[in-house]
Amino acid sequence: MSKRNDTLPSAPTVQVIERMFNLLEVLATREEPVSLKEISEKTGLHPSTAHRILNDLTIGRFVDRPEAGSYRLGMRLLELGNLVKARLNVRDAALVPMRELHKLIQQPVNLSVRQGDEIVYVERAYSERSGMQVVRAIGGRAPLHLTSVGKLFLANDEPQKVRAYATRTGLAGNTRNSLTQLPALERELAQCRMAGMARDNEELEMGVRCMAAGIYDDQNKLVAGLSISAPADRIDEGWAPKLRATAAEISAALGCPNPPGAGR
């Protein structure tokens, strides 16, 4: 009995895959549909070969055929691209800059993302030898309106979405400083937009203040927030430029073309 080798594809299979990639590369160079004749010329494939492979790609929605004899990239590639983009790990891009910022200020630096009506802490940079600190637990959650990062996301929302959030949550407070009335929250969000940063003034927890700057992706979409949390009497406004610059550095790593705070 012959032994089957499942680890390496056969030469014809590799050749077909290479041809598929070549065809997709040609389509990727043009916004408008490309004729089979031009595709054949640019890839060096016989028209019948190109036609056969393109038809297979069309079945899988990797290629569209808007009309007979012409092709363009398909929606399946967009779907897969969005999956890759969603998995582009903000944490990986942020970890080293966060640690560098922590070395500068000697206070915990937090990375948070939005999930529904809450922010979730997904990473932190801190030192166990830094004395009194405010260390957030990874996986911890908090309402948007009570946190500096949450305010960034609300400030990025349209006014009707902010009102809907207030209706859903009732703007429940944690401390006497919590913003529990919509007009006060709207004023705070307006200040966030003007400053390009947000703050938590002992609103989530008495004795703790925070400042946050946004992290943006390649479409200039707010995807995360970087925050510094510290005992209320230790917060230093001199940290703000460093925080903005670090958030801009992470945004640039995610492909943001013009990160807020860059060069400041």
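Described below are features of the structure shown in this document.

The rules we used
- Residues numbered from 1 in each chain as written.
- Predicted model: local features only at pLDDT ≥ 70, side-chain atom pairs only at ≥ 80, totals over all residues.
- Heavy atoms only, no water.
- Pairing = 2+ DSSP bridges.
- Helix = DSSP H or I, 4+ residues; strand = E, 2+ residues; numbered from the N terminus.
- Axes fitted to C-alpha atoms, helices over the stretch in contact; angles between N-to-C directions.
- Parallel < 35°, antiparallel > 145°, perpendicular 65-115°, else oblique.
- Contact = heavy atoms within 4.5 Å.
- Nonpolar A, V, L, I, M, F, W, Y, C, P; charged D, E, K, R; others polar.
- Buried < 20%, exposed > 50% of the residue type's maximum accessible area, 1.4 Å probe, protein only.
- Polar contact = N/O pair within 3.5 Å; in protein donor to acceptor, adjacent residues only side chain to side chain.

1. Topic: the sheet that holds strand β3 (residues 70–73)
Argument step 1. Pairing is antiparallel across the open sheet formed by three strands, whose spatial order is β1-β3-β2. Each of the sheet's edge strands pairs with one partner strand only, and the pair in question is β1 (34–35) and β2 (63–67).
Argument step 2. Here three bridges tie β2 to β3, and the two strands are oriented antiparallel to one another. Directly across from V63, in β3, lies its bridge partner L73.

2. Quick notes on the packing of helix α2 (residues 36–43) against helix α3 (residues 47–59)
Argument step 1. Put simply, α2 and α3 touch, their axes get as near as 9 Å, and they point 110° apart. Classified by the angle their axes make, α2 and α3 are roughly perpendicular. Contact residues: L36, I39 and S40 in α2; P47, A50, H51 and L54 in α3.
Argument step 2. The residue inventory of the contact of α2 with α3, partitioned by class, reads five nonpolar, two polar and no charged.

3. Topic: the side chain of T175
Argument step 1. Position of T175 relative to the elements: it lies in the loop between α7 (159–169) and α8 (182–195).
Argument step 2. Given a relative accessible area of 16%, T175 falls into the buried group.
Argument step 3. Polar contacts involving the side chain of T175 include one to the main-chain carbonyl oxygen of E202, which spans 2.7 Å.

4. Observations regarding the sheet that holds strand β5 (residues 118–125)
Argument step 1. Within the open sheet, the six strands sit side by side as β6-β5-β4-β9-β8-β7. Their pairing is antiparallel. With one partner strand each, in any of the chains shown, β6 (141–143) and β7 (198–201) form the two edges of the open sheet. When the angles between neighbouring strand axes are averaged without regard to direction, this sheet yields 30°.
Argument step 2. Here β5 pairs with β6 via three bridges, running antiparallel. Paired with V120 across the bridge in β6 is R141.
Argument step 3. Lying on the sheet, helix α9 (residues 239–253) is in contact with β7, β8 (208–216) and β9 (222–231); it crosses β8 at an angle near 30°.

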